[in-house]
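Observations on chain architecture
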Amino acid sequence: YGHHVGMSLALAYVAREEGGFNIYVADMTGGPAIQMTRNQKDNTDPTWGADSKHRIFSSNRSGGTELFMISMDTKVAHQLTKSLGASSPDWGPVTR
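Residues numbered from 1 in each chain as written. Predicted model: local features only at pLDDT ≥ 70, side-chain atom pairs only at ≥ 80, totals over all residues. Heavy atoms only, no water.

Some details on the pairing of strand β3 (residues 20-27)
Burial runs high along β3: 6 of the 8 residues are buried. The loop that links β3 with its antiparallel partner strand β4 (residues 34-35) comprises 6 residues; one of these, G30, has a positive phi angle of about 125°. (Buried < 20%, exposed > 50% of the residue type's maximum accessible area, 1.4 Å probe, protein only. Helix = DSSP H or I, 4+ residues; strand = E, 2+ residues; numbered from the N terminus. Pairing = 2+ DSSP bridges.)

A look at the nonpolar core
Among the nonpolar cores identified, the biggest contains 10 residues, and these are A10, A12, I23, V25, M36, W48, F57, F68, I70 and M72. Going through the elements one at a time, β2 (8-17), β3 and β7 (64-71) are the ones with two or more residues in this core. Once you skip the residues sitting within four places of it in the chain, V25 turns out to touch A10, L11, A12, A33, I34, M36, W48, R55 and M72. (Core = buried A, V, L, I, M, F, W, Y, C linked by side-chain atoms within 4.5 Å. Contact = heavy atoms within 4.5 Å.)

Details of the side chain of T47
Turning to its location among the elements, T47 is positioned in strand β5 (residues 43-48). Since its relative accessible area comes to 11%, T47 is described here as buried. Setting aside residues no more than four positions away along its own chain, T47 makes contact with H54, R55, I56, P89, D90 and W91.

Describing the sheet that holds β5
Taken together, 4 strands build an open sheet; the order of strands is β5-β6-β7-β8 and the sheet is antiparallel. With partners counted over all chains shown, the strands left at the sheet margins are β5 and β8 (77-79), one partner each. Direction aside, the axes of adjacent strands within the sheet are offset by 30° on average. Relative to strand β6 (residues 54-62), β5 runs antiparallel, the two sharing 4 bridges. Each residue of the ladder has a partner; that of W48, found in β6, is R55. (Axes fitted to C-alpha atoms, helices over the stretch in contact; angles between N-to-C directions.)

Digging into the environment of S71
If you trace the backbone, S71 turns up in strand β7. For S71, a relative accessible area of 13% translates into the label buried. The spatial distance from the C-alpha of S71 to the C-alpha of P32 is 18 Å, given a sequence separation of 39 residues.

So, the packing of aromatic side chains
Following the criterion strictly, the structure yields 2 aromatic pairs and no others. Relative to Y24, the ring of Y13 has its centre 5.5 Å away and its plane inclined at 10°; by these criteria the two rings are stacked. You can see Y13 sitting in strand β2 and its partner Y24 sitting in strand β3, a full 11 residues away along the chain. Take Y13: its relative accessible area is 29%, and that puts it in the partly exposed class. Judged by relative accessible area, Y24 falls into the buried class, the value being 13%. (Phe/Tyr/Trp six-rings, centres within 6.5 Å; stacked < 30°, edge-to-face > 60°.)

In short, shape yes, function no, at least from these values alone.
Okay, structure coming up:
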């Protein structure tokens, strides 16, 4: 899940921890990884927002698996779907 952020390359990844999986973002030029999610559920499938300031990911934090969007700045996640089974998000251009 690599992506160019400004002039550097960043990597989003999932790490297994006690109670579930959490999402981290690491600057590939060095420095510590930033933990994006912090809960005892499974947070997986991170994908980059078009603006590089947001990530969309799958999580079962609300019961069933749903899609959430999280801000890189605030680390606050907002639920996007309520379909009980949404996963594997992907950003793309809008075509008509």
